[in-house]
Amino acid sequence: MTKFRRASRSARVLVPGAVAVALLAGCAQGSGAAESASPAAGTSTVTGTPPSTGASGAVTPAPSASVPLPHSSASSAPGTLLVTDFGSDTVTFVDPERGATGSVKVGTAPYGLVLGSDGRAWVATAEGVAVVDTERRERLALVPYRTDSGPATTGEYRGGGMGIALAPDGRRVYVGVNVPGGNGTLEVLDTTSLRFTDTVPVGRRPFDVDVSRDGAEVYVTNHDSFDVTVVAAGSLSPRRVEVAPYGTEGGLGSWLKPHYAAVRPSDGKLLLPFEGERLAVVDPRTGRTTIEPMTADTHQHGTAVTADGTLLTVGTGPIDPDVDEGPSLTVRRPDGTERIYPLEGPHESVAVSRDGRTAYVTGGFTRDGYWDGLTVVDLDSGDTRRLPAGSRPLGIVVL
């Protein structure tokens, strides 16, 4: 039976002031030393090695060196995985059976990524959006943000890009930019010109960005402001929808905030899991939220959804070991039934194989306890195996 622990959970989200500052989002790890200066606000030129412009002013993509690893290949076979290495400023190509086969430098502390139908991957780094040719395995460009988010640093609270999504027609990339100590922005990147064209105000720490199936709306999940910003893709007008099934008590020190969302294919509603106890189902048109019970009893982060509406959710582990369960992967069918797959240690994000039979869960995790690899989960048998891959991998896509 799912336990709804509003009273006991409320007690655990309140922390002393000094601890609240250290924890901030309840998903804490300090930032590292500065790696490089971020561009000044308002700039949006592409940087590479460096890029050049022709007479028309169009950007000429610039090559970037890749880092070969064992079993390196000239191209990526279908089913290859691509992960962002939050710990080494690279993305790594991973064979699901053999492990890492090559890495490409992209920029400081890469977080989310998204794959286009043309084979280009778009990677949210602290400095800008990196464009990677996944066939040739090279970085084509790095497009700095317009938003001034401070020096490009590492660590969970670093400024710069977090969540990222691609419009269904492939013409725009949307990236949530974290501004330490304040509200973030949604930046809009033209995928043809490789220029940021617009900036939209959103909430604090935009963990995730999603797009409606018709491309008409963009959804930004803001961790530290307990909300989702709904942005009309045409006018770019924002609208705030609070998503706080446990309330907002505890503020920045609360653990009970939204992290990642998924768009349900059947009706376009947003699915946001909380604590393995509550699934917030948000209608972005009306702003209304309904709550459905969940069964894993664990702090939840990354999500993925399949074409039939099956939701996969990563459980990172307990807030309180005396009450909560350990790390897990929840697979929730459209009828609400769930299967829980225990995991060894914290994980962050999840992707599903093309045939829907295997899940790949990244071990990079935004807090202490992360590890350098993936857990491969056979969704039929429940068998799991660990696969060394990358350096603190967070985001993941299947090529």
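Residues numbered from 1 in each chain as written. Predicted model: local features only at pLDDT ≥ 70, side-chain atom pairs only at ≥ 80, totals over all residues. Heavy atoms only, no water.

> Break down the overall build of the chain for me, with residues and values.
Looking only at helices and strands, the chain features two helices and 33 strands. Residue burial in the chain is summarised as follows: out of 399 residues, 59% are buried. When the accessible surface of the chain is totalled, it reaches about 15100 Å², and 52% of it is carbon and sulfur. (Helix = DSSP H or I, 4+ residues; strand = E, 2+ residues; numbered from the N terminus. Buried < 20%, exposed > 50% of the residue type's maximum accessible area, 1.4 Å probe, protein only. Areas by Shrake-Rupley, 256 points an atom, 1.4 Å probe, with all protein chains shown as cover.)

> For the side chain of Thr125, give the residues involved together with the corresponding values.
Mapped onto the secondary structure, Thr125 falls in the loop between strand S9 (120-124) and strand S10 (128-133). Accessibility expressed as a relative area gives 0% for Thr125, which makes it buried. Residues contacting Thr125, with those up to four places away along its chain left out, are Val106, Gly107, Thr108, Ala109, Pro110, Ala130, Leu142, Tyr145, Arg158, Gly160 and Gly161. (Contact = heavy atoms within 4.5 Å.)

> A description of unusual backbone geometry should follow, citing residues and the corresponding values.
Although it is not a glycine, Asp89 sits at a positive phi angle of roughly 65 degrees. A relative accessible area of 17% places Asp89 in the buried class. The backbone of Arg137 sits at a positive phi, close to 55 degrees, despite the residue not being glycine. Summarising the element assignment, Arg137 is placed in the loop between S10 and strand S11 (138-144). Residue Arg137 is classed as buried on the basis of its relative accessible area of 7%.

> Outline the confidence of the model for the chain, supporting the account with residue identities and numerical values.
The predicted model of the chain averages 86 in pLDDT, with 81% of residues at 70 or higher. Contacts of residues 1-26 to residues separated by more than four positions or lying in other chains number 67 contacts, the stretch itself having pLDDT below 50. This model gives residues 28-74 a pLDDT under 50, and the stretch forms 120 contacts once residues within four places in sequence are excluded. (pLDDT = per-residue confidence, 0-100.)

> Talk me through the sheet that holds strand S18 (residues 217-222); I want residue IDs and the actual numbers.
The four strands are arranged S17-S18-S19-S20 in an open sheet whose pairing can be described as antiparallel. Of all the strands in the sheet, just strand S17 (206-211) and strand S20 (238-242) have a single pairing partner and so form its edges. Ignoring which end each strand starts from, the neighbouring axes of this sheet average 20 degrees apart. Taken together, the six bridges between S18 and strand S19 (residues 227-232) define a ladder with antiparallel strand orientation. Directly across from Tyr219, in S19, lies its bridge partner Val230. (Pairing = 2+ DSSP bridges. Axes fitted to C-alpha atoms, helices over the stretch in contact; angles between N-to-C directions.)

> Give me the pattern of salt bridges: which residues, what numbers.
The full count for this structure, using the stated rule, is 16 salt bridges. Where Asp224 meets Arg205, a salt bridge forms, and the shortest distance between an N and an O atom there is 3.8 Å. Taken together, the residues Asp224 in the loop between S18 and S19 and Arg205 in the loop between strand S16 (195-201) and S17 connect sequence positions 19 residues apart. Accessibility classification places Asp224 together with Arg205 in one group, the buried group. A salt bridge links Arg332 to Glu338; its shortest N-O distance comes to 2.5 Å. Connected through shared salt-bridge partners, Glu156, Arg205, Asp224 and Lys257 make up one network. (Salt bridge = Lys/Arg side-chain N within 4 Å of Asp/Glu carboxyl O.)

> Let's hear about the environment of Ser237: which residues, and what values?
Within the element layout of this structure, Ser237 appears in the loop between S19 and S20. For the pair formed by Ser237 and Val200, sequence separation is 37 residues and the distance between their alpha carbons is 7.7 Å. Excluding residues within four positions of it along the chain, Ser237 makes contact with Val230, Val231 and Ala232. Reaching out from Ser237, the side chain makes a polar contact with the side chain of Ser235 at a distance of 2.9 Å. (Polar contact = N/O pair within 3.5 Å; in protein donor to acceptor, adjacent residues only side chain to side chain.)

> An account of the environment of Val179 is requested, with residue identities and associated values reported.
Residue placement: Val179 occurs in the loop between strand S14 (172-178) and strand S15 (185-190). In the structure, Val179 is positioned 20 residues away from Gly159 in sequence and 5.2 Å away in space, judged by C-alpha atoms. Apart from residues lying up to four places away in sequence, Val179 is in contact with Thr147, Asp148, Ser149 and Gly184.

> Outline the sheet that holds strand S30 (residues 358-362), supporting the account with residue identities and numerical values.
In a beta sheet, neighbouring strands are held together by backbone hydrogen bonds and run either parallel or antiparallel to one another. Spatially, the four strands line up as an open sheet ordered S29-S30-S31-S32, and their pairing is antiparallel. The open sheet has two edge strands, strand S29 (350-352) and strand S32 (384-388), and neither has a second partner. Within this sheet the neighbouring strands show an average axis-to-axis angle of 25 degrees, counted without direction. Bridging between S29 and S30 involves three bridges; their strand directions are antiparallel. If you follow Val352 over to S30, its bridge partner there is Ala359.

> Report on the nonpolar core, specifying residues and quantitative values.
Ranked by internal contacts, the top residues of the largest apolar core, which has 17 residues, are Trp122, Val129, Tyr145, Ile164, Val175, Leu189 and Phe196. Those elements that place two or more of their residues in this core are S9, S10, S11, strand S13 (160-166) and S14. Those residues in contact with Leu189 that sit more than four places away from it in its chain are Trp122, Val129, Val143, Arg171, Arg172, Val173, Leu194, Arg195 and Phe196. One finds Val243, Tyr246, Trp255 and Ala280 within the second-largest nonpolar core, a separate group that totals 16 residues. (Core = buried A, V, L, I, M, F, W, Y, C linked by side-chain atoms within 4.5 Å.)

> Which residues make up the pairing of strand S6 (residues 90-95), and what are the values?
By the criterion of burial, S6 is predominantly enclosed, with five of the six residues buried. Both strand S5 (residues 81-85) and S6 contribute to a ladder of five bridges, which runs antiparallel. Across the sheet, Asp85 pairs through a bridge with Thr90, a residue of S6. Connecting the antiparallel pair S5 and S6 is a turn made up of four residues, with Asp89 showing a positive phi of about 65 degrees. Pairing between S6 and strand S7 (residues 99-105): six bridges, direction antiparallel. The residue of S7 that forms the bridge with Asp95 is Gly99. Joining the antiparallel neighbours S6 and S7 is a turn of three residues.

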